[in-house]
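# Chain and residue survey
Chain residues, written in single-letter form:
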Amino acid sequence: MASILQNVFSRALYTIKDNQQIKSLASHASLYMGIVIYTAIGAKVFQLLELPSETGRLETYQALLVTKRVIFLESIYNSSAEGNSAEYYQGVDTALSEYEVVCSQAVGAGVDIVTKEFSYNWDYIQSCFFALTILTTIGYGNFAVETFGGRLFCLLFGIIGIPFMLSVLADVGGIFAGILQLAWGNNKDRIRLIAEKLHIISPRPEKGGLDDMPETISLEKNLLMILGGLLAIILFFGFGAFLFTIWEDWSFFDAFYFCFVTMTTIGFGDMTPSISGEDKSVYMLLCTVYILVGLAFTSTIIELVRRQYAESWKKMQELRAQIQAQLKLADTLKKISETAEKNNVDLGVSIAGDLEELKNNLDKFKKSGMGDEFDDVDIKTLDWVEDNKKVKAFFIYESSL
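In what follows, the accompanying structure is described. Because the structure is predicted, anything quoted here is derived from the model rather than measured.

One finds Phe-46, Phe-129, Phe-130, Phe-157, Phe-244 and Ile-291 to be the most contacted residues of the largest nonpolar core, which totals 47 residues. Of all elements in the fold, only α1 (2–80), α3 (124–135), α4 (148–197), α5 (215–247), α6 (252–263) and α7 (281–342) reach the threshold of two or more residues within this core. Ranked by the residues each element gives to this core, the list is headed by α7, at 10 residues. Beyond its immediate stretch of four places on either side in the chain, Phe-46 contacts Leu-51, Trp-122, Phe-130, Ile-134, Val-145, Gly-150, Phe-153, Cys-154 and Phe-157. In this structure, Phe-72, Tyr-88, Val-102 and Cys-103 belong to the second largest nonpolar core, which totals 12 residues.

Take the environment of Asp-249 next. If you trace the backbone, Asp-249 turns up in the loop between α5 and α6. Residue classification places Asp-249 among the exposed residues on the basis of a relative accessible area of 78%. Sequence separation between Asp-249 and Pro-273 is 24 residues; the distance between their C-alpha atoms is 9.9 Å.

Viewed as axis vectors pointing N to C, α3 and α4 meet at an angle of 65°, and their least axial separation amounts to 8 Å. In contact with Ala-131, Leu-132, Ile-134 and Leu-135 of α3, α4 contributes Cys-154, Phe-157, Gly-158, Gly-161, Ile-162 and Met-165. Taken together, the residues of the contact of α3 with α4 break down into 8 nonpolar, 2 polar and no charged.

A word on the packing of aromatic side chains. The way to describe two aromatic rings as a pair is by their centre distance and the angle between their planes. Inspection of every chain in the model, using the stated rule, returns 26 aromatic pairs. When the ring of Trp-122 is compared with that of Phe-130, the centres are 4.9 Å apart and the planes differ by 75°; the resulting orientation is edge-to-face. Ring geometry for Phe-244 versus Trp-250: centroids 5.7 Å apart, planes at 35°, classification tilted. Just as Phe-244 is buried, Trp-250 falls in that class too.

Moving on, we get to helix α2 (residues 86–109). In a regular helix each residue adds 1.5 Å, so 24 residues correspond to 34 Å; α2 covers 35 Å between its end C-alpha atoms and thus fits that length. Every buried residue of α2 is accounted for by Tyr-88, Val-92, Ala-95, Tyr-99, Val-102, Cys-103, Ala-106 and Ala-109.

Enumeration according to the criterion identifies 2 salt bridges in this entry. The closest approach of N and O atoms between Glu-146 and Arg-57, which form a salt bridge, is 3.3 Å. One end of the pair, Glu-146, is in the loop between α3 and α4; the other, Arg-57, is in helix α1, with 89 residues separating them in the sequence. The partly exposed category is assigned to Glu-146, whose relative accessible area is 46%. Here Glu-98 makes a salt bridge to Lys-68, at a shortest N to O gap of 3.4 Å. Of this pair, Glu-98 sits in helix α2 while Lys-68 sits in helix α1, and the two are 30 residues apart along the sequence.

Parameters at a glance
Residues numbered from 1 in each chain as written. Predicted model: local features only at pLDDT ≥ 70, side-chain atom pairs only at ≥ 80, totals over all residues. Heavy atoms only, no water. Core = buried A, V, L, I, M, F, W, Y, C linked by side-chain atoms within 4.5 Å. Buried < 20%, exposed > 50% of the residue type's maximum accessible area, 1.4 Å probe, protein only. Helix = DSSP H or I, 4+ residues; strand = E, 2+ residues; numbered from the N terminus. Contact = heavy atoms within 4.5 Å. Axes fitted to C-alpha atoms, helices over the stretch in contact; angles between N-to-C directions. Nonpolar A, V, L, I, M, F, W, Y, C, P; charged D, E, K, R; others polar. Phe/Tyr/Trp six-rings, centres within 6.5 Å; stacked < 30°, edge-to-face > 60°. Expected span 1.5 Å × (residues − 1). Salt bridge = Lys/Arg side-chain N within 4 Å of Asp/Glu carboxyl O.

This is the structure:
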């Protein structure tokens, strides 16, 4: 009977775990599907609000371009019969100036002055990309909403969508953080060996070397994680740059620059992917996926590097405090020993041995390669031991005294 109950209980536990995993997967999937649907709906609304205005503006410039071209040609033809008079040159110059102004405006609006054709900024593909730049706060600025309705909807779309996108990026970033921590846990020994061979960090000390100062190893671990994070970002940008050199007429450096500007949400807008046209839907989808994954990956790496840097700085200050306390305590012990010798007082402890051990520990710490950060330590002018700060040195020597 007991075995039956045990089997039932274990099966129930497995069922609960499976249900929790299913709920977790469903939660992730619903979050990602939600941002996709939200972006798709927002892009369609932007297209409905902006496309009619853009169409009217492009058709106006197209007609104006053709009209001014005809006027310019007629002015040349009509004035040629008058001979080389001043009025002839003035008339041609005026017609040419007007035509050049219209050409400039038409090109700015998106009309090709040679073929007289135009392409829309607000087709559905580019509307999706524009919606993405709002949600990710990249904001390239190569084109923007111009109508009152479009600008009003942009405000509402961004107010709701930006926190939504931040939640998605945080969720993806959490997944990346777990993957990176797992990768670090499985490969940290190999990475450390490579770093030692490249002389990035000092080799591990022999037994008894720095056992009393484990913070040194922790600092080196933080350094490796920071360098690893930066290397991961560079490789990710390099991979994206390689793909964009295939898709776009960009050099590798220009593509790498675009990836950096995009993933850091700077978004100058001087370089943007060419996604106009119905045949660019797959390309737009790939760009969108790369940008979303890249934003989550970059923000995760930056956060991990920031945490490691803050932790390293904190440990460095703790080490500084410990060294300062040990130096001050050594000076105090030396004075006590000298006073005891003068007065022939036996303290019952070997202060000389403690001082020698302290000296050896400090020498080992400096030889480890981490002591260079503390060359400016001056026991006469600095006081790193606060009243409420617990420093290991005091507990070490308190037991001896």
